[in-house]
Amino acid sequence: MLFFIDTANLDHIREAAELGILDGVTTNPSLMAKEGISGEKNILKHYRTICEIVGDGRDVSAEVISTDFKGMVAEGKKLAEIHPNIVVKVPMIKDGVKALAHFSEIGIKTNCTLVFSAGQAILAAKAGATYLSPFIGRVDDINWDGIALIREINRIYEIQGYETAILAASIRTPLHIVQSAKAGADVVTCPLSAIMGLFNHPLTDIGLEKRSEERRVGKECLRL
Ligand code: E4P
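Let us look at the structure shown here.

About the criteria used
- Residues numbered from 1 in each chain as written.
- Predicted model: local features only at pLDDT ≥ 70, side-chain atom pairs only at ≥ 80, totals over all residues.
- Heavy atoms only, no water.
- Salt bridge = Lys/Arg side-chain N within 4 Å of Asp/Glu carboxyl O.
- Helix = DSSP H or I, 4+ residues; strand = E, 2+ residues; numbered from the N terminus.
- Buried < 20%, exposed > 50% of the residue type's maximum accessible area, 1.4 Å probe, protein only.
- Near = heavy atom within 4 Å.
- Polar contact = N/O pair within 3.5 Å; in protein donor to acceptor, adjacent residues only side chain to side chain.
- Areas by Shrake-Rupley, 256 points an atom, 1.4 Å probe, with all protein chains shown as cover.
- Nonpolar A, V, L, I, M, F, W, Y, C, P; charged D, E, K, R; others polar.
- Expected span 1.5 Å × (residues − 1).
- Contact = heavy atoms within 4.5 Å.
- Core = buried A, V, L, I, M, F, W, Y, C linked by side-chain atoms within 4.5 Å.
- Pairing = 2+ DSSP bridges.
- Axes fitted to C-alpha atoms, helices over the stretch in contact; angles between N-to-C directions.

### Overview of the pattern of salt bridges
1) Next: Overall, the coordinates contain six salt bridges when judged by the stated rule.
2) Next: Note that K78 and E40 form a salt bridge whose closest N and O atoms lie 3.2 Å from each other. Here the residue K78 occupies a position in helix α4 (residues 69-82), and E40 occupies one in helix α3 (residues 40-54), the gap between them amounting to 38 residues.
3) Next: Its relative accessible area of 41% is what places K78 among the partly exposed residues.
4) Next: A salt bridge links E213 to R216; its shortest N-O distance comes to 2.7 Å. Here R216 and E213 lie together in helix α11 (residues 202-223), a separation of three residues that amounts to about one turn.

Structure follows, in structure tokens:
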């Protein structure tokens, strides 16, 4: 399973990249706004910087703002020109599906976003989306089961032989990452906090403390 980070924050991207386990980045307009990035020139520049930080061959999703076919295609082409890492993120709406099919025909990679059902997942796969982003956290928020959705889509894609990669999005916790892996997600995109949460285990902390205590006692014995 690939690990993407879901942020436009350059420090977080650098920190995850330095861990040596980062495979890509996803962003959205709210995440860009959170970093105070606005205006076409600045947005394109920020995407280029992200691509340079993560290095070649690591996909970076950049979302279109338009909701009509023509607008999405024009925006998507502009985004794709920034860097070969760019994947055009398109919403799961009628014109979005048309745009996904168009991008797939002309060889531009895509990420279909705002996916909340198996039916939508089938449409995106039929349109040739590279990635499909079911939002598991937002499904959980309304008291449905986000992980069950990943499991269902995974089963359908296996039966039908669809090649679209399942990118579990809207991840809130380290447990979501583990559950997504078990449910068959090909990729998880998560905030840095969820990735860092994977490290935590009290027995690791106790083990480390024990080791340093043993080293301290060992040194004292040598001195005697
Ligand atoms: C990723 O591609 C999505 O934009 C993101 O995971 C949404 O997460 P949220 O539900 O926390 O906004």
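Further notes follow.
### Concerning the site of the ligand
1) Next: Taken together, D6, T26, N28, K89, F135, R138, A169, S170 and R172 make up the full set of residues near the ligand.
2) Next: Separating an oxygen atom of the ligand from a side-chain N or O atom of N28 is a distance of 2.7 Å.
3) Next: Measuring from an oxygen atom of the ligand, one finds a side-chain N or O atom of K89 at 2.7 Å.
4) Next: Isolated, the ligand exposes 340 Å² of accessible area, and the fraction of that covered by the protein chains is 84%.
5) Next: Class assignment of the residues belonging to the shell around the ligand gives a composition of two nonpolar, three polar and four charged.

### Concerning α3
1) Next: Between its first and last C-alpha atoms α3 spans 22 Å; for 15 residues at 1.5 Å apiece the expected length is 21 Å, and the two agree.
2) Next: Looking at the buried residues of α3, the elements they touch are α1 (10-18), β2 (24-26), α2 (29-34), β3 (59-63), α4 and β4 (86-91).
3) Next: One or two positions beyond α3, positive phi appears at G55, with a value near 90 degrees.

### What about the nonpolar core?
1) Next: Counting 57 residues, the largest nonpolar core has L79, I86, C112, L132 and I171 as its most contacted members.
2) Next: Not counting the four nearest positions on each side in its chain, I86 is found in contact with Y47, C51, V60, A62, L79 and A80.
3) Next: In terms of nonpolar packing, the next biggest core, distinct from the first, is built from eight residues, V87, Y131, A169 and V187 among them.

### Some remarks on the sheet that holds strand β1 (residues 2-6)
1) Next: Ordered by their spatial adjacency, eight strands build a closed barrel running β1-β2-β3-β4-β5-β6-β7-β8, and the pairing between neighbours is parallel. Strand-to-strand twist across the sheet, computed as the mean angle between neighbouring axes with direction ignored, equals 30 degrees.
2) Next: Both β3 and β4 contribute to a ladder of four bridges, which runs parallel. The residue of β4 that forms the bridge with E63 is K89.

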